[in-house]
Amino acid sequence: MVIPTETLKANAILTLLQGCNNLKWLRKLHAHVFVYGLQQNTAIANKLLNFCAISVSGSLEYAQLLFNYIEEPQTQAWNSIIRGFAQSPSPLHALIYYNRMLRFSASVSSPDTFTFSFALKACERIKAFIKCREVHGFVIRSGFDNDVIVCTGLMRAYAANKCVEKARMVFDDMSERDLVSWNAMISCYSQAGYHHETLEMFNLMRNENVGLDSFSLVGLLSSCAHVGALNRGVELHRIAREKGFVHGVYVGNALIDMYAKCGSLDGALEVFNGMQKRDVLTWNSMIVGFGVHGRGNEAVSFFRQMLMSGVKPNSITFLGVLCGCNHQGLVEKGVEFFHMMTSQFNLSPGIKHHGCLVDLYGRAGKLDKALEIIHSSRLEKDPVLWRTLLGSCKIHGNVEIGEIALKNLIQLGASNAGDHVLLATIYSRAKGAEGVARMRKNIKNLGTKTTPGWSWIEVGDRVHRFVVDDKSHPDSKKIYENLGEIIHRATLVGYVEEDYVVALNGSSSEECLESPSSCHSEKLAIAFGIATTPKGTSLRIVKNLRVCRDCHSFTKYVSKAFKRDIIVRDRVRFHHFKDGLCSCRDYW
């Protein structure tokens, strides 16, 4: 049997393409394709196109040129060009090619599993909700609605478009689910902030005997970190250890982050010390953890260890160090690290770094210096800095600079009810009744509401949520009865309710109201925790706002009266209460 010369040449070209690893070499091979007249050889055309569209050494511009020379592109060719653009900086072009494919003759090419998954990836990246629904409809009409790969792509595309409910509908309708599908749903919930739903997925996975891998663990641990579910996090740590995932960098970093955000720095440190390999995220998780726990000296110590290990810090590293200096009042060290960013590491401080510096001076009572930093930072038009300054004015009762801060927020069109309540609190402490009345009028005219406060507490394997004056909990009556007894016992050891009240109509923010007449969410969470856990059990509470002065004082005396360690994570930092004292030393 004699093999035609053309076939020999085609096979030779395909063999050479198999080992091709750069565009320059591919161009030479492409020239030979023209010389041998093999332009319309499907296998060669697909190979050339695939390299240019997908390989990191390729070129999408060259891929388009190749694609345009194919007279009747088949599904594989369409998939290559769609995939290439879907993962490129121009994902919109993937959908343009997808639309062209649908208009092309169905007898020559029709979408398959990969076509739909690449098109959905583009929808995910550019957040094209309408197009996502359109693709979904065609998926159903084409009979791919039970395809695991396509359905997983649909879930991710819907979640990226903030349609988590639709993603869950796709998940529930799947006749078969693999671990990738479960992980996608976990990721959808976790990234959208649906952390309770994420942890419910873990319960479903256990009920259906679905295993876990490192991707599952990272998503679940992230949600544990957000809601303060330490017990569940410890359980996941045990599973990671049993499956041999605990030494991996990604799982290890997620475990450190979970322990640190759930108030257990000892747990975070244990994981850190057991890791065989560490990256910048590993060090950052520990440094930021020490920072938000108010342990500035340890954050600085870890930063120095990080430099000695040869790991280069990034902007998040410095944010963690500055946070630690901020919460421990290490003004000189904080300023040193702020300037070190540019002088030694060529990092440009962002708005959060400037905010830390303003807060650092502000908390230390150096409000004039904090004001000077804002003016010299060229970030005077960013409301974050002015709001940070206003918060410091509240701590030190500085009416004059507080008025300057609010004036700038109003001029920027960025003021909210919470800002006015903060200044009203400053006026109230300074016995400025006229100022309080003016702020009350401003809030009424603005017609805005402050952020409602809530607190989470984990008891057993469940996380319970409370809001201010909450009556929705099934054990609500008992909780309020317990709270009365707790307040009484706290009073016996020294607790005195704050005697100032800033009652502003329409305001429901715990952080701003600071009214002892309201049952703030952390008080209800503490009452529930004491009633439902054995004596001596530590209570861990997560709060979405900064803890107010009255609740801070209350929690200190509850820890003394009931001999309980109480750990509260508020919007800014951790407070560890024990024997009537707080780790912040009342500097927060």
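These figures come from a predicted structure and were not determined experimentally. (Residues numbered from 1 in each chain as written. Predicted model: local features only at pLDDT ≥ 70, side-chain atom pairs only at ≥ 80, totals over all residues. Heavy atoms only, no water.)

### Thoughts on the packing of aromatic side chains
Moving on, step 1. The tally for this structure, following the rule as stated, stands at 19 aromatic pairs.
Moving on, step 2. Note on phenylalanine 318 and phenylalanine 345: the rings are 5.7 Å apart at their centroids and 55° apart in plane angle, and the pair reads as tilted. Linking phenylalanine 318 in helix 19 (residues 315-328) with phenylalanine 345 in helix 20 (residues 331-345), this pair joins segments that are 27 residues apart in sequence.
Moving on, step 3. Residue class for phenylalanine 345 comes out buried when judged on its relative accessible area of 15%.
Moving on, step 4. Ring pairs connect the aromatic residues Phe67, Trp78, Phe85 and Tyr97, which therefore count as one cluster.
Moving on, step 5. Sitting above the plane of the phenylalanine 554 ring, lysine 523 keeps its charged end 5.2 Å from the centroid. (Phe/Tyr/Trp six-rings, centres within 6.5 Å; stacked < 30°, edge-to-face > 60°. Helix = DSSP H or I, 4+ residues; strand = E, 2+ residues; numbered from the N terminus. Buried < 20%, exposed > 50% of the residue type's maximum accessible area, 1.4 Å probe, protein only. Lys NZ or Arg CZ within 6 Å of the ring centre and 35° of its normal.)

### So, the packing of helix 29 (residues 521-532) against helix 30 (residues 549-561)
Moving on, step 1. With their axes 10 Å apart at the nearest point, helix 29 and helix 30 run at an angle of 20° to one another. With respect to their mutual orientation, helix 29 and helix 30 come out roughly parallel. Relative to helix 30, helix 29 is oriented so that their crossing is right-handed. Facing helix 29, whose interface residues are Glu522, Lys523, Ile526 and Ile530, helix 30 presents Asp550, Cys551, Phe554, Thr555 and Val558.
Moving on, step 2. Among the residues making up the contact of helix 29 with helix 30, the classes are represented as 5 nonpolar, 1 polar and 3 charged. (Axes fitted to C-alpha atoms, helices over the stretch in contact; angles between N-to-C directions. Parallel < 35°, antiparallel > 145°, perpendicular 65-115°, else oblique. Left-handed = near helix turned anticlockwise from the far one by under 90°. Contact = heavy atoms within 4.5 Å. Nonpolar A, V, L, I, M, F, W, Y, C, P; charged D, E, K, R; others polar.)

### Some remarks on the pattern of salt bridges
Moving on, step 1. The full count for this structure, using the stated rule, is 14 salt bridges.
Moving on, step 2. Aspartate 172 serves as the salt-bridge partner of arginine 168, at 2.9 Å between the closest nitrogen and oxygen. A residue pair is termed a helical-turn pair when its members lie 3 or 4 positions apart in one helix, as arginine 168 and aspartate 172 do in helix 10 (residues 164-173) at 4 residues.
Moving on, step 3. Owing to a relative accessible area of 22%, arginine 168 belongs among the partly exposed residues under this scheme.
Moving on, step 4. Judged by its relative accessible area of 41%, aspartate 172 falls in the partly exposed class.
Moving on, step 5. The shortest N-O distance in the salt bridge between glutamate 298 and arginine 295 comes to 2.7 Å. (Salt bridge = Lys/Arg side-chain N within 4 Å of Asp/Glu carboxyl O.)

### Regarding a nonpolar patch on the surface
Moving on, step 1. On the surface, Leu92, Ile96 and Ile126 cluster together to form a nonpolar patch covering roughly 240 Å² of accessible area.
Moving on, step 2. Relative to the helices and strands, isoleucine 96 resides in helix 6 (residues 92-103). (Patch = residues over 30% accessible without salt bridge, like charges linked within 9 Å, V, L, I, M, F, W, Y side chains within 5 Å. Areas by Shrake-Rupley, 256 points an atom, 1.4 Å probe, with all protein chains shown as cover.)

### What to know about the sheet that holds strand 2 (residues 462-467)
Moving on, step 1. As summarised here, the arrangement of the 6 strands in space is 2-1-3-4-5-6, forming an open sheet in which the pairing is mixed. Looking at which strands have only one partner, the edges of the open sheet turn out to be strand 2 and strand 6 (581-582).
Moving on, step 2. When strand 4 (residues 566-569) meets strand 5 (residues 574-578), the two strands line up antiparallel, connected through 4 bridges. Bridge pairing in strand 5 places valine 568 opposite histidine 575. (Pairing = 2+ DSSP bridges.)

### What about unusual backbone geometry?
Moving on, step 1. Even without being a glycine, lysine 162 presents a positive backbone phi close to 60°.
Moving on, step 2. With phi around 55°, asparagine 346 is a residue other than glycine that occupies positive phi space.
Moving on, step 3. Looking at where asparagine 346 falls in the secondary structure, it is placed in the loop between helix 20 and helix 21 (351-363).
Moving on, step 4. Of the residues examined, asparagine 346 reaches a relative accessible area of 70% and is grouped as exposed.

### Some remarks on the packing of helix 12 (residues 195-207) against helix 14 (residues 230-243)
Moving on, step 1. One way to put it is that helix 12 packs onto helix 14 with a least axis distance of 12 Å and a crossing angle of 45°. As far as their axial angle goes, helix 14 and helix 12 are oblique. Viewed along their axes, helix 12 and helix 14 form a crossing whose handedness is left-handed. Facing Leu199, Phe202, Asn203 and Arg206 of helix 12, the residues of helix 14 in contact are Arg232, Glu235, Leu236 and Ile239.

### Observations concerning the environment of glycine 362
Moving on, step 1. With respect to the helices, strands and loops of the structure, glycine 362 is situated in helix 21.
Moving on, step 2. Residues glycine 362 and histidine 396 lie 34 residues apart in sequence; the distance between their C-alpha atoms is 8.6 Å.
Moving on, step 3. Leave out the neighbours within four places in its chain, and glycine 362 touches Leu367, Ala370, Ser392 and His396.

### Considerations on helix 13 (residues 214-227)
Moving on, step 1. Helix length check: helix 13, at 14 residues, gives a terminal C-alpha distance of 20 Å against a target of 20 Å (1.5 Å per residue), a fit within 8%.
Moving on, step 2. Where helix 13 is concerned, the buried positions are Ser216, Leu217, Gly219, Leu220, Leu221, Ser223, Cys224, Ala225 and Val227.
Moving on, step 3. If you check the start of helix 13, you find a side-chain oxygen 3.0 Å away from the backbone N of phenylalanine 215, and it comes from aspartate 213.
Moving on, step 4. Count one or two residues on from helix 13 and you reach glycine 228, which has phi positive near 75°. (Expected span 1.5 Å × (residues − 1). Polar contact = N/O pair within 3.5 Å; in protein donor to acceptor, adjacent residues only side chain to side chain.)

### Concerning the environment of leucine 95
Moving on, step 1. One can find leucine 95 in helix 6.
Moving on, step 2. For leucine 95 and cysteine 123, which are 28 residues apart along the polypeptide, the C-alpha to C-alpha distance reads 7.9 Å.
Moving on, step 3. When neighbours within four sequence positions are excluded, leucine 95 is seen to be in contact with Ala119, Ala122, Cys123, Ile126 and Lys131.

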